[in-house]
Each structure stands twice: as structure tokens, then as C-alpha cells.
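# Reading the structure
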Amino acid sequence: MAAYDLVVIGTGPGGYVCAIRAAQLGMKVAVVEKSATLGGTCLNIGCMPSKALLHASEMFEEAAHAFAKMGVSVPAPKLDLPAMMNFKQQGIDGNVKGVEFLMKKNKIDVITGKGKILGGGKVEVSGNGKTQTVETKNIVIATGSDVAQLKGVQIDEKRIVSSTGALSLEKVPGKLLIVGAGVIGLELGSVWHRLGAQVTVVEFLDRILPGMDGEVARQFQRLLEKQGFAFRLSTKVTAVDASGKTLVAQIEPAAGGASEKLEADVVLVAIGRVPYTDGLGLKEAGVALDKRGRVQIDQHFATNVKGVYAIGDVIAGPMLAHKAEDEGVALAEILAGQAGHVNYDVIPAVVYTTPEVSSVGKTEEELKEAGVAYTSGKFPFTANGRSKVNQTTDGFVKVLADAKTDRVLGVHIVGREAGEMIHEAAVLMEFGGSAEDLARTCHAHPTRSEAVKEAALAVGKRAIHM
């Protein structure tokens with residue numbers, strides 16, 4: 001008789017949510033976690049601590065530059081970096097304790113150690129100098145992802161850092177060189193730029209935010225440049241010399257050509273993330289991986305080994321905590337004999353800079369490539385009353401709708417609180433709503449969200465305030 005109905009390896013947002021939903025559905029559940037704390041990358045060294053520092057650094061910047069024009073006179077703010085790091089840590093501790101509480105509340109056993117799959121039904125856990133074998137009907141691989149390494153560059157988490165080290169620098173670097181213009185690089189670049197660093201971003205592609213809507217990326221790049229970011233696009237970093245007092249990075253055109261040197265105090269390598277499958281025994285257990293090292297699954301998250309499933313960053317799809325959570329819930333429901341499902345066409349994505357960038361559904365480039373005829377409605381925050389009075393008018397909302405049916409296919413926002421505003425678009429799209437539906441929904445005045453309604457009106461060429 002198996003000790004558990006389900007053992008989940010990894011307690012990031014995918015794993016712990018899967019465990020909770022399974023427990024709610026009456027299963028006996030255990031989670032296996034190699035770290036001392038629960039919550040995975042997201043809660044400990046990712047999404048959550050970065051949001052704490054983004055918020056704190058934004059307040060610092062506001063106090064320094066925005067208060068005076070609002071008639072709030074304060075002395076120039078002083079940075080107390082250890083206190084700011086303590087603020088970040090309090091946030092981490094609160095969230096981690098929250099997950100511990102949820103495990104207890106749902107009677108989920110927490111087994112600390114590194115999990116290894118010994119084929120269907122058995123997980124070996126080694127930690128604290130001992131090894132035990134746990135028997136279970138089902139196993140979920142929810143081990144997430146790890147930092148992608150840059151060839152020839154050794155991360156030491158002191159001067160050459162990944163996102164992990166960049167969240168805990170002991171002083172503000174004079175010059176920060178960021179390799180990669182994706183979400184993580186731009187968010188962490190924003191934190192240190194606001195606190196006084198000079199930021200240069202080197203990106204291999206000819207644009208920032210790969211995968212996001214092209215027009216959004218272009219306008220957002222201009223806004224970041226206005227803030228003081230420097231970008232070197234279509235450029236690659238080939239080496240970093242760490243022998244001197246300052247780091248010296250070797251850069252050259254992505255297509256090849258003459259190389260040049262860039263000096264930096266800290267180099268942040270943020271070129272993406274890769275599935276974390278080390279030491280899981282997947283090869284020995286016969287679990288199939290794809291060419292990119294991701295666990296292969298069918299439409300019910302099942303691997304080719306009976307009773308072994310996978311969710312989150314370790315499988316294909318966007319590496320987003322909320323995607324993993326939805327997959328965890330869907331899988332728990334499937335295991336309970338219900339119809340669990342994830343709608344991959346409606347997964348919002350957010351960049352938590354200032355202004356924020358958010359999107360859900362298709363980009364213009366994706367619609368063009370698929371040959372879908374679409375109409376576009378756009379509305380700038382410069383024409384939005386609330387944004388005007390708050391003097392936060394950067395950005396715009398863009399709604400993309402099917403030219404024939406008017407069904408909303410994608411929404412893209414650059415602007416303050418864009419991450420909060422995207423969800424009305426997500427709900428609308430989940431119900432197959434049209435731009436007309438959105439345009440006819442009464443929005444509170446004065447709010448930034450009115451710009452979403454106006455962009456939907458603009459799809460039918462009838463925006464009111466422009």
C-alpha cells in the first residue's frame with residue numbers, strides 16, 4: 001500500500017499549489033523540498049524579493065524627483081541599503097511562513113531533502129545525512145528552472161551575478177552591465193538604476209523584451225532610455241575579465257565583427273532560465289526530455305512513465321509562476337477524475353518596471369504570422385484624465401480584435417499599474433468577449449482603466465477622448 005496518493009517534488013508556486021488542490025480533493029499528499037524554506041525561486045530569490053526592491057527603489061526615486069512638483073517638500077532622501085534589504089527579507093519571510101501554514105492547514109507532509117525518482121511510485125529523498133524512500137501512487141515533477149549560463153562567463157554572485165546575486169548586492173554599483181534585455185534584466189536594472197547605478201544593457205537580438213509586442217517593446221525602450229538606460233542591441237558579450245579592480249567585458253556585434261571593451265563594477269547575466277532536472281534520476285527512470293531539456297508530457301501533464309507527471313518551468317510554455325499554478329490545479333483535478341484544464345491563450349505577462357508593461361493573448365507579429373485579419377485600437381495615457389492629473393502619462397493601451405468576429409485576441413499595455421489593468425482583458429478573453437463588449441462596459445471615472453475601454457472603442461474607430 002502506497003504511503004501517499006501524491007508526492008510533489010518542488011514547492012515553488014506550481015508545486016505547492018498542486019499539493020494544496022490535491023489535498024482539498026481528498027488526497028494524502030507530501031511535498032519534497034531541497035531548500036531550507038518553501039516557495040521555490042519565486043518566493044525566495046525571484047518574483048517576490050524583486051518586487052520588494054522595485055517598490056522600495058521606486059519610493060526612493062519618487063521622494064528624490066517627484067515629491068517637490070506635487071508640493072511635498074522633503075530633504076533629499078538618503079539610501080540605507082541594509083535597511084532596504086531587511087525590508088525585502090521581511091517580505092520573503094512573510095510569504096514563506098504563509099506557505100508553511102498552508103501545508104499544515106491542508107495536512108500536507110513536508111519532506112526536506114533532494115528528491116530522486118526511482119521509477120513510477122517511488123521517490124528517494126536524501127537530506128540531513130539520511131536517505132529515505134517514499135512510496136506514492138503519483139509523482140509530480142515541479143522542480144522549476146535555473147539560471148541560464150553564459151558561455152565563458154563564470155558567475156560568482158559577488159561581481160558577476162545572476163538574478164540571485166543581483167537581489168543582494170552589498171553596495172550600489174557605479175556601473176552595472178546587464179547581459180540580456182528580457183524581463184529579469186530590465187526589472188533588476190531598474191532597481192539599481194534608481195538607486196544610482198549607471199546601467200548598460202547588452203542584448204543579442206535587435207530588440208528588447210523578446211516575445212512581447214514589437215510596438216510595445218519599441219516605445220518602452222524609448223521610455224527606459226529617457227530614464228537613463230543605455231542599450232547595445234544586436235550585440236553579444238563574449239568574455240568578462242575579472243582579474244582587475246573593475247570588470248572588463250568583451251562585446252562584439254551579434255553577426256560578428258570588431259570587438260570592444262566595456263568596463264563595469266557588476267555584470268548581471270540575465271539571458272533566461274533553463275529547466276532544472278539535475279539529480280532527479282529522470283534518465284535512469286526513463287522519463288523522456290525534449291531537445292531543450294524540458295520534460296515531455298501529454299495533454300494531461302503525464303510523462304511517458306506511468307504515474308509520473310510534470311508542471312511549470314520544467315515543461316514547455318512560458319516560465320511564469322501563475323502558469324505553473326494553473327497547471328498544478330489542473331493536474332490535481334485530473335488526478336481526482338475531474339476535467340482540469342489550462343487555457344494557454346489567456347496567460348497574462350507583466351514587467352514590473354516603472355511604467356509597467358503587461359500583455360495577454362497574441363501580439364501583432366503573431367497575428368500577422370498566422371495570417372489572421374485583425375483590427376487594432378489604441379489609446380494613449382496622455383489622453384486619460386487620471387493619468388494627466390497624476391502626471392503619469394507615459395504609455396498606451398492597445399486592443400487587438402478579430403476583423404470578422406470582433407473577438408479580442410490580445411491586449412497590450414505600457415503604463416502605471418499596467419499589471420493590475422490587464423486582468424479585465426484576461427477575464428473578457430476567457431469568456432470569448434468582443435471589443436464591443438469591453439467598449440460598452442461602464443468603467444469608473446476617473447481611473448487609468450478607462451484607457452482600456454477607450455482602446456476597445458478605438459477598435460471601432462469611436463474613441464471619445466481623442
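Scroll up for the structure.
Residues numbered from 1 in each chain as written. Predicted model: local features only at pLDDT ≥ 70, side-chain atom pairs only at ≥ 80, totals over all residues. Heavy atoms only, no water.

## Comments concerning the environment of E327
- Position of E327 among the secondary structure elements: in helix α9 (residues 321-335).
- For E327, a relative accessible area of 0% corresponds to the buried category.
- A C-alpha to C-alpha distance of 39 Å links E327 and K171, two positions 156 residues apart in sequence.
- In contact with E327, not counting residues within four places along its chain, are F301, I311, G312, I315, V342 and Y344.
- A polar contact of 2.7 Å, which involves the side chain of E327, links it to the backbone nitrogen of G312.
- Among the polar contacts made by the side chain of E327, one reaches the side chain of Y344 at a distance of 2.6 Å. (Helix = DSSP H or I, 4+ residues; strand = E, 2+ residues; numbered from the N terminus. Buried < 20%, exposed > 50% of the residue type's maximum accessible area, 1.4 Å probe, protein only. Contact = heavy atoms within 4.5 Å. Polar contact = N/O pair within 3.5 Å; in protein donor to acceptor, adjacent residues only side chain to side chain.)

## Considering the packing of helix α3 (residues 47-65) against helix α6 (residues 183-194)
- One can describe the packing of α3 onto α6 by two numbers: an axis separation of 9 Å at closest approach and a directional angle of 35 degrees. Our pair here, α3 against α6, has a crossing hand that is left-handed. Within the contact between the two elements, α3 uses S50, K51, L53, L54, S57, E58, F60 and E61 and α6 uses E187, L188, S190, V191 and R194.
- Class assignment of the residues belonging to the contact of α3 with α6 gives a composition of five nonpolar, three polar and five charged. (Axes fitted to C-alpha atoms, helices over the stretch in contact; angles between N-to-C directions. Left-handed = near helix turned anticlockwise from the far one by under 90°. Nonpolar A, V, L, I, M, F, W, Y, C, P; charged D, E, K, R; others polar.)

## Section: the packing of aromatic side chains
- Here the structure, examined in full by the defined rule, presents one aromatic pair.
- Ring geometry for F229 against F231: centres 6.0 Å apart, planes inclined by 20 degrees, an arrangement best described as stacked.
- A residue is classified by how much of its surface remains accessible, and F229, at 4% relative accessible area, is buried.
- The buried category is assigned to F231, whose relative accessible area is 13%.
- Lying across the ring of Y276, K34 places its NZ or CZ 5.0 Å from the centre.
- In this structure, K378 packs its charged tip against the face of F396, placed 5.6 Å from the ring centre. (Phe/Tyr/Trp six-rings, centres within 6.5 Å; stacked < 30°, edge-to-face > 60°. Lys NZ or Arg CZ within 6 Å of the ring centre and 35° of its normal.)

## Here we look at the pattern of salt bridges
- Tallied over the full model, the rule gives 20 salt bridges.
- The partner of D109 in a salt bridge is K28, with the nearest N and O atoms 3.7 Å apart. Highlighted residues: D109 in strand β3 (residues 109-112) and K28 in the loop between α1 (13-24) and β2 (29-33), separated in sequence by 81 residues.
- On the accessibility criterion, D109 (30% relative accessible area) is partly exposed.
- R232 serves as the salt-bridge partner of E260, at 2.5 Å between the closest nitrogen and oxygen. One end of the pair, E260, is in strand β14 (residues 260-264); the other, R232, is in strand β11 (residues 230-232), with 28 residues separating them in the sequence. (Salt bridge = Lys/Arg side-chain N within 4 Å of Asp/Glu carboxyl O.)

## A word on the packing of α1 against α9
- Between α1 and α9, the least distance of the axes is 7 Å, while the angle of their chain directions is 30 degrees. Relative to α9, α1 is oriented roughly parallel. For the pair α1 and α9, the crossing hand works out as right-handed. Two secondary-structure elements touch here, α1 through P13, G14, V17, C18, R21 and A22 and α9 through A321, A324, E325, G328, V329, A332 and E333.
- Split by residue class, the contact of α1 with α9 holds eight nonpolar, two polar and three charged. (Parallel < 35°, antiparallel > 145°, perpendicular 65-115°, else oblique.)

## Thoughts on α3
- For α3, with 19 residues, the first-to-last C-alpha span of 26 Å sits near the 27 Å given by 1.5 Å per residue.
- Taken together, the buried positions of α3 are P49, S50, A52, L53, L54, A56, S57, E58, F60, E62 and A63.
- Next to the buried residues of α3 lie α2 (40-45), α4 (81-105) and α6. (Expected span 1.5 Å × (residues − 1).)

## Things to note about the sheet that holds strand β10 (residues 198-202)
- Spatial ordering of the open sheet is given by β8-β15-β9-β10-β11, a layout of five strands whose pairing is parallel. Looking along the sheet, the strands with just one partner apiece sit at the ends: β8 (160-161) and β11.
- With five bridges connecting them, strand β9 (residues 175-179) and β10 associate as parallel partners. Bridge pairing in β10 places I178 opposite V201.
- Lying over the sheet, α6 contacts β9, β10, β11 and β15 (266-269), oriented at roughly 175 degrees with respect to β9. (Pairing = 2+ DSSP bridges.)

## Re the pairing of β9
- Of all five residues in β9, four are buried; the element is thus mostly enclosed.
- In this fold, the crossover linking β9 to β10 by way of α6 has right-handed handedness.
- Bridge count for β9 against β15 is four bridges, and the pairing is parallel. Bridge pairing links I178 to L268 in β15. (Right-handed = clockwise from strand over helix to strand, strands pointing away.)

## Regarding the sheet that holds β14
- Ordered in space as β12-β13-β14, the three strands form an open sheet in which the pairing is antiparallel. Edge strands, defined here as strands with exactly one partner in the open sheet, are β12 (235-241) and β14. For this sheet, the mean inter-axis angle between neighbouring strands, taken without regard to orientation, is 30 degrees.
- Sheet analysis places β12 next to strand β13 (residues 247-253), joined by six bridges and oriented antiparallel. Looking at the pairing, V240 lines up with A249 of β13.

## Brief notes about a nonpolar patch on the surface
- A cluster of nonpolar side chains, M70, V72 and V74, forms an exposed patch at the surface whose accessible area comes to about 250 Å².
- Turning to its location among the elements, M70 is positioned in the loop between α3 and α4.
- Taking relative accessible area as the criterion, M70 reaches 52% and is therefore assigned exposed. (Patch = residues over 30% accessible without salt bridge, like charges linked within 9 Å, V, L, I, M, F, W, Y side chains within 5 Å. Areas by Shrake-Rupley, 256 points an atom, 1.4 Å probe, with all protein chains shown as cover.)

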